[in-house]
Every structure is written in structure tokens, then in C-alpha cells.
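Observations on chain architecture
The primary structure of each chain is shown beneath.
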Amino acid sequence: MRSPHGERLARLAQAIDELAAHGLADLPPDVLAERVTHICTLVEGIDPESTRRRAYTPRVEN
């Protein structure tokens, strides 16, 4: 039996693997954005503080 944390990590790994398997170039931009948003949601479920840290992290623009 997996812990809830282990199950969340497994779902995150699966989402990343599925995205990698489809290849970034083969996905329409809206589908890519949807999948990345889903991955971010999974990360936030594992580490709720990640949203706060990301909000305060200055962005470096090229």
C-alpha cells in the first residue's frame, strides 16, 4: 500500500512521462499549456509552499 505522498509522486512522474512521450513539438500549444498546468497542480499538491515560493521568486527575462 502506498502512502498518499507516494501516490502523488507517482501521478506526477506519470504526467511528466506522458508529456515526454508525446514530445513537446508534437503538441498544440493549448494542449501543452494544459499539461504543464496539470503538472504544476500536481507539484502544488505535493508541496503547497511551492506556490508561495514561486510567487516571490524574481523572474529573469532575456
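Reading the values: the criteria
- Residues numbered from 1 in each chain as written.
- Predicted model: local features only at pLDDT ≥ 70, side-chain atom pairs only at ≥ 80, totals over all residues.
- Heavy atoms only, no water.
- Helix = DSSP H or I, 4+ residues; strand = E, 2+ residues; numbered from the N terminus.
- Buried < 20%, exposed > 50% of the residue type's maximum accessible area, 1.4 Å probe, protein only.
- Core = buried A, V, L, I, M, F, W, Y, C linked by side-chain atoms within 4.5 Å.
- Axes fitted to C-alpha atoms, helices over the stretch in contact; angles between N-to-C directions.
- Parallel < 35°, antiparallel > 145°, perpendicular 65-115°, else oblique.
- Left-handed = near helix turned anticlockwise from the far one by under 90°.
- Contact = heavy atoms within 4.5 Å.
- Nonpolar A, V, L, I, M, F, W, Y, C, P; charged D, E, K, R; others polar.
- Expected span 1.5 Å × (residues − 1).
- Arc of directions from axis to C-beta.
- pLDDT = per-residue confidence, 0-100.

**Points about the environment of Glu 18**
- When you line up the elements, Glu 18 lands in helix 1 (residues 4–22).
- A relative accessible area of 39% places Glu 18 in the partly exposed class.

**Quick notes on the nonpolar core**
- Core analysis: the biggest nonpolar cluster contains seven residues, these being Leu 12, Ala 15, Leu 19, Leu 27, Ile 39, Leu 42 and Ile 46.
- At the level of secondary structure, the elements contributing two or more residues to this core comprise helix 1 and helix 2 (29–46).

**What about the packing of helix 1 against helix 2?**
- With their axes 9 Å apart at the nearest point, helix 1 and helix 2 run at an angle of 160° to one another. One element, helix 1, and the other, helix 2, form an angle in the roughly antiparallel class. Remark: the crossing between helix 1 and helix 2 carries left-handed chirality. Note on element contacts: helix 2 touches helix 1 through Leu 32, Arg 35, Val 36, His 38, Ile 39, Leu 42, Val 43, Gly 45 and Ile 46, opposite His 5, Arg 8, Leu 9, Arg 11, Leu 12, Ala 15, Ile 16, Glu 18, Leu 19 and His 22.
- Classifying every residue of the contact of helix 1 with helix 2 by side-chain character gives 11 nonpolar, four polar and four charged.

**Things to note about the environment of Arg 8**
- Position of Arg 8 relative to the elements: it lies in helix 1.
- Judged by relative accessible area, Arg 8 falls into the partly exposed class, the value being 33%.
- Distance in space between the C-alpha atoms of Arg 8 and Val 43 is 8.5 Å, their sequence separation being 35 residues.
- With residues near it in sequence (within four places) discarded, Arg 8 still touches Gly 45 and Ile 46.

**Describing helix 1**
- Taking 1.5 Å of rise per residue, 19 residues should cover 27 Å, and helix 1 covers 27 Å from first to last C-alpha, within 8% of that figure.
- Turning to helix 1, its buried residues number three or more, namely Leu 12, Ala 15 and Leu 19. Buried residues of helix 1, viewed axially, fall in a sector of 60°; they line one side. Across from the buried face of helix 1, at angles greater than 90 degrees, the exposed residues are Asp 17, Ala 20 and Ala 21.
- Tucked inside the fold, the buried residues of helix 1 contact helix 2.

**Focus on the confidence of the model for the protein chain**
- When pLDDT is averaged along the protein chain, the result is 83, and 84% of the positions lie at 70 or above.
- When pLDDT is averaged over each helix and strand of the protein chain, the minimum, 75, is found for helix 3 (residues 49–55) and the maximum, 90, for helix 2.

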